[in-house]
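Residues per chain, in single letters:
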Amino acid sequence: MKKRMMSATLCAVVAMTSLAGCGLKSPDTATTAAPAETKAEASAETKAEAETTEKKDGESAGKYNTADMPEVTLVYAEVNPLDTIVGQMATDFKTKTEELSDGKITIDVQASGVLGSENDVLDTMLGGGGTIDMSRISAFALTSYGGQKSMLLSLPYTFVSRDHFWNFATSDLAQEFLNESQENGSGVRGLYYGEEGFRHFFTTKEISGMDDLKGMKLRVSNDPVMNGLVEGLGAYPTVVSFNELYSSLQTGVVDGAEQPIANYKSNAFPEVAPNLILDGHTLGAVQVVITDEAWDKLTEDQQAIIMEAGAYASEQNRANSEKKENEVLEQLKADGVNVIEVEDKTPWQEATKKVIEDNTKGYEDLYQKIVDMQ
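So, a few notes on the structure that sits alongside this text.

Reading the values: the criteria
Residues numbered from 1 in each chain as written. Predicted model: local features only at pLDDT ≥ 70, side-chain atom pairs only at ≥ 80, totals over all residues. Heavy atoms only, no water. Phe/Tyr/Trp six-rings, centres within 6.5 Å; stacked < 30°, edge-to-face > 60°. Helix = DSSP H or I, 4+ residues; strand = E, 2+ residues; numbered from the N terminus. Buried < 20%, exposed > 50% of the residue type's maximum accessible area, 1.4 Å probe, protein only. Polar contact = N/O pair within 3.5 Å; in protein donor to acceptor, adjacent residues only side chain to side chain. Axes fitted to C-alpha atoms, helices over the stretch in contact; angles between N-to-C directions. Left-handed = near helix turned anticlockwise from the far one by under 90°. Contact = heavy atoms within 4.5 Å. Nonpolar A, V, L, I, M, F, W, Y, C, P; charged D, E, K, R; others polar. Core = buried A, V, L, I, M, F, W, Y, C linked by side-chain atoms within 4.5 Å. 1 Å grid on protein atoms, 1.4 Å probe; cavity = no way out; pocket = protein on both sides within 12 Å on 5 of 7 lines; lining within 4 Å. Points joined across faces, edges and corners; volume = space filled by probe spheres on them.

Turning to the packing of aromatic side chains, a few remarks are in order. If you walk through the whole model with that rule in mind, you get 12 aromatic pairs. Ring geometry for Phe242 and Phe269: centres 5.9 Å apart, planes at 85°, overall edge-to-face. Pair noted here: Phe242 is in the loop between strand S6 (236-239) and helix H9 (245-251) and Phe269 is in the loop between helix H10 (261-266) and strand S8 (275-291), with a separation of 27 residues, a long-range link. Take Phe242: its relative accessible area is 11%, and that puts it in the buried class. Ring pairs connect the aromatic residues Phe159, Phe165, Trp166, Phe168, Phe177 and Tyr193, which therefore count as one cluster.

Okay, the side chain of Ser171 next. Along the chain, Ser171 turns up in the loop between helix H6 (162-169) and helix H7 (172-183). You can call Ser171 buried: its relative accessible area is 19%. A polar contact of 2.6 Å, which involves the side chain of Ser171, links it to the backbone oxygen of Phe168.

Attention shifts here to the packing of helix H3 (residues 85-100) against helix H12 (residues 300-334). The N-to-C vectors of H3 and H12 enclose an angle of 145°; their axes lie 8 Å apart at closest approach. Where H3 crosses over H12, the two elements pack in a sense that is right-handed. Each of Ile85, Met89, Asp92, Phe93, Lys96, Thr97 and Leu100 in H3 lies in contact with H12, whose residues at this interface are Ile305, Ile306, Glu308, Ala309, Gly310, Tyr312, Ala313, Gln316, Asn317, Ser321, Lys324 and Glu325. For the contact of H3 with H12, a count of residues per class yields 9 nonpolar, 5 polar and 5 charged.

With that settled, the discussion passes to the nonpolar core. The tendency in soluble globular proteins is for nonpolar side chains to be buried as a group. Membership of the largest hydrophobic core comes to 26 residues, with the highest contact counts inside it found for Leu74, Tyr76, Phe93, Met134, Leu191, Tyr192 and Ile290. Here the element with the most residues in this core is H3; it accounts for 5 residues. Ranked by size, the runner-up nonpolar core spans 25 residues in total, among them Met151, Phe159, Ala174 and Leu283.

To continue, consider the layout of surface pockets. Estimates place the volume of the largest pocket at around 370 Å³. Taken together, 26 residues make up the lining of the largest pocket; nearest its centre are Glu118, Phe140, Arg219, Ser221 and Phe242. Put simply, the parts of the chain that give the lining of the largest pocket at least two residues each are helix H4 (118-127), strand S3 (134-138), strand S4 (188-203) and strand S7 (256-260). Looking at which element gives the most residues to the lining of the largest pocket, the answer is H4, with 3 residues. Residues that form the lining of the largest pocket fall into these classes: 7 nonpolar, 11 polar and 8 charged.

The following block contains the structure:
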């Protein structure tokens, strides 16, 4: 048995020696190309090792290098509660920003109007000082600060549907509108668009149609479009701060106001004005703005993160707003709110023609481009 084993071993040695003598190499030292699958596996392993090393060295594994990124906190003002459509948009923006930056950028959302009305917030932002860095504002809020293009978005019955608005909001034209506040030197820049649903009138007195609004005192912000809209309906525009609207409805300072459905419910307006007429005079187009002062302090990566998070929040807003609005409307009906449907909006459109003509002078072609996007 031992002789057989020794013989086999000797044969193997001779065979290997013969191979070497012929210029061939044994499989253990082969240099021929590896199969494609083997290369891919090796590449994947190398990439994984690199990512592991990167993480060990404190580097971000994402597209942004956050290892040496300075920490920054941006104060974001929102006049409505967080459970509204625009409140959810703020939360989505905050979550995505902090995720992409590995927590190096903190978005401090101050909701429910604790920092004041939209005009108060804009005054603070434009005045400098850095106490408010960002805000979600209604498009028409920039009108008083030279935002003539933004005003076109709040004209009555401009958008016939949500799809119509989003056709605009995702177009090249939208970027032109967002750039307006920066280009006119106001000190803020637009980042992205969203919407809070169609706006409707609600009243303390029972109504059944448009004619019942005549003679009523309807709350407006200090805005030429809303003033013209209310006057066209035969009512009296009355300027009241948003933070004082509940008490003004309760005490009879005003007979009604207008808001998107979700905001109407979240601010408890049904308690004092339980009549809601679904006229849908405007779609609540909104944009998020940041001060130039805050923007210029950010690194290029931080600016890119803000823009990516904004695009994400905008997409989420588009996907969720209609569903949220429908849910709220059903809840309002269940709670006993007098919800009045408007089958024919033609009389409303006729009554508000003048405000459109008055506020599109010099911008007729631009306004027509928006109208044509439906």
